[in-house]
Amino acid sequence: MTKARDRLRLHHRFALCAGAAAGGLMVVRLFVPSPVGMADNGDGFRRMCSLDVVTLVPPGVEQWLKFAHFTYTRAPQDGCDPAQVYPSSGNWLLRAAEVLSNLLGFPGVLDLRVLAVLFCVLIAGAFTLFAAALRGSVLRRAVVCALLFLVVADSTFAGYAASPYGELAGLTGMVWALAGAVHLGGKPAARLLGLLACTAGAVVAVASKTQSATMAVPFVMLLALARVPLGGWRAGWRSRIAPALAALVIIGAAVGEIAAQPGQFRRINPTEMVFVGLLPRSDDPRGAAVDLGLPADFARYEGRSWWVEEPPHSDPRWADYEDRMTYGTIASFLVTHPAVTARVAYDALDDFGAARPDYLGSYPPEAGLRPGAQESRLALFSALVRDVGGGLMLALVTVLGAVAVPWWRRTPDPRRRAFVATVLCAATLTWVQFLTAVYGEAIENTKHLVFAVLSSGLTVVMAVAVSAAGAGSGAGTATSRREGDEGLDPESGDDAPVAAAVPSAGTASAGAA
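Colleague: Where do I start with the packing of helix α8 (residues 188–206) against helix α9 (residues 216–224) in this structure?
Modeller: To describe two helices that pack against each other, one gives the angle between their axes and the distance between the axes. At a minimum axis distance of 10 Å, the contact between α8 and α9 shows a crossing angle of 165°. As far as their axial angle goes, α9 and α8 are roughly antiparallel. Of the two possible hands of crossing, α8 and α9 adopt the one that is left-handed. Residues Leu195, Cys198, Ala202, Ala205 and Val206 of α8 lie in contact with α9, whose contacting residues are Ala216, Phe219, Leu222 and Leu223. Of the residues contributing to the contact of α8 with α9, the split by class is nine nonpolar, no polar and no charged.

Colleague: Could you clarify how one ought to interpret the sheet that holds strand β3 (residues 110–111) in this entry?
Modeller: Taken together, three strands build an open sheet; the order of strands is β1-β2-β3 and the sheet is antiparallel. Strands with a single pairing partner mark the edges of an open sheet, and in this sheet they are β1 (53–55) and β3. Examined bridge by bridge, β1 and strand β2 (residues 71–74) share three bridges and lie antiparallel to one another. Bridging from a neighbouring strand, Val53 pairs with Arg74 of β2.

Colleague: I tried to follow empty space enclosed by the protein on my own but got confused; where do I start?
Modeller: To find the voids left in a structure, one rolls a probe of water-molecule size over its atoms. Here the structure, examined in full by the defined rule, presents five cavities of 30 Å³ or more. In this structure, the largest cavity spans a volume of roughly 60 Å³. Considering the residues around the largest cavity, the lining is formed by Phe119, Ile123, Val152, Phe157, Ala158, Leu168, Leu171, Thr172, Val175 and Leu454. Mapped by element, the contributors of at least two residues to the lining of the largest cavity are α4 (112–132), α6 (155–158) and α7 (167–181). By residue number, the principal contributor to the lining of the largest cavity is α7, which donates four residues. Grouping the constituent residues of the lining of the largest cavity by class yields nine nonpolar, one polar and no charged. For the second largest cavity, the calculated volume is near 40 Å³.

Colleague: Teacher, can you tell me more about unusual backbone geometry here?
Modeller: Here the bond from Val32 into Pro33 is cis, since omega is 0°, no more than 30 degrees from zero. Structurally, Pro33 is set in the loop between α1 (2–31) and α2 (43–48). Its identity is not glycine, yet Leu65 carries a phi of approximately 70°, on the positive side. The backbone of Glu444 sits at a positive phi, close to 50°, despite the residue not being glycine. Turning to its location among the elements, Glu444 is positioned in the loop between α18 (414–440) and α19 (445–448). Since its relative accessible area comes to 25%, Glu444 is described here as partly exposed.

Rules and cut-offs
- Residues numbered from 1 in each chain as written.
- Predicted model: local features only at pLDDT ≥ 70, side-chain atom pairs only at ≥ 80, totals over all residues.
- Heavy atoms only, no water.
- Axes fitted to C-alpha atoms, helices over the stretch in contact; angles between N-to-C directions.
- Helix = DSSP H or I, 4+ residues; strand = E, 2+ residues; numbered from the N terminus.
- Parallel < 35°, antiparallel > 145°, perpendicular 65-115°, else oblique.
- Left-handed = near helix turned anticlockwise from the far one by under 90°.
- Contact = heavy atoms within 4.5 Å.
- Nonpolar A, V, L, I, M, F, W, Y, C, P; charged D, E, K, R; others polar.
- Pairing = 2+ DSSP bridges.
- 1 Å grid on protein atoms, 1.4 Å probe; cavity = no way out; pocket = protein on both sides within 12 Å on 5 of 7 lines; lining within 4 Å.
- Points joined across faces, edges and corners; volume = space filled by probe spheres on them.
- Buried < 20%, exposed > 50% of the residue type's maximum accessible area, 1.4 Å probe, protein only.

In structure tokens, the structure reads:
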């Protein structure tokens, strides 16, 4: 009993140390030798208007694209257009950073460097949660945590920590959701904690921006595999009630985010896809325009986005055809024009392989670097993606996702099943976000693919983590069965052999994702 308690104490100590190390290293990574963030491309301006703040730009310094500006001040009267403001779960982080900025005495109303510190704290919490689910030797667990840090702290993602973009909430939510999901094979208390963390992370992720709403699909799929005994809901189908309720919350967050999208963007994004995404990839742009329900001469706007001079909506006849700019029209066209559909996806592989947009600067003006300079303090993962290429990286993710299905069904260890289910979720998340970004809007694809790029890295890390997932945990199956919660789907046929093979209960209880 004493040895078991000592092992548990050491296990918790490792998790706390892993979280503290991840948070501390992230602080160093973001602030030494100078703070880094991400320049605003214009999207951040609209988002920050939801807090009624605007960038405080030094005189003579470019506001957009070249420099990361951290200080925000109260917007002048009529300085923000309410029609362009859109809700995001990222606003919750901004509100917290605003309060902390004032308490700490930073200049202005909000300082994004405080937001970066808040991100470091959240990452520390996610790593603590994730490390608590690992088993095996300290070296094995440390290697898995190090691999996770190399992905999450990569230059492709870390710059969003001190940026005005909603992507920060989406990226952070994804990490928390998957860190919680790996606990869905532990003891009942651990499964409940994992479900709460997974649900909270998923809600933050899907509500970060309209594009991320489709993340609800893989998260709901993951919860459909979970059993979480809670109070009287312990046996049979009742153990699925809590995950089902969590799935409904996630779906509600996704629907709410889509419904809250500003009206003008319901036309802008499909318009971008039609004229920048579809027409340029058609062998006959005039014929494609007709197939889309537009006049043939609208093909002259091929490749022209909403924001350039003489855009499609400047045409005098635009009002007569604006109602054709819908995703229903686009979907119908993609189904009936498979060659164009394939070309759109093929071209997007280069955007995926680029991993990181090359036109957004990382440094503030006071850093003294050239405009548009980008940091690369930790870029091992993004370098790997570029070297391997978007196609091969997606192929690897696809293989891992496909293997995860029989792997999950044949794995008797409930802890390991939870990790394998998380591999499947991350792989599905990669493809869902790839397709959403590629067929949802045709500009800034590399930036829009950031969720897919992160989830591809998380897929690989979770696959490696399976080796550190089940050591010493299989003994809980018999105990779990006596409590009326098998944890594994009865259809899999894996319960009986495990129960027969384990003569006594161990320190960990079953309950699989």
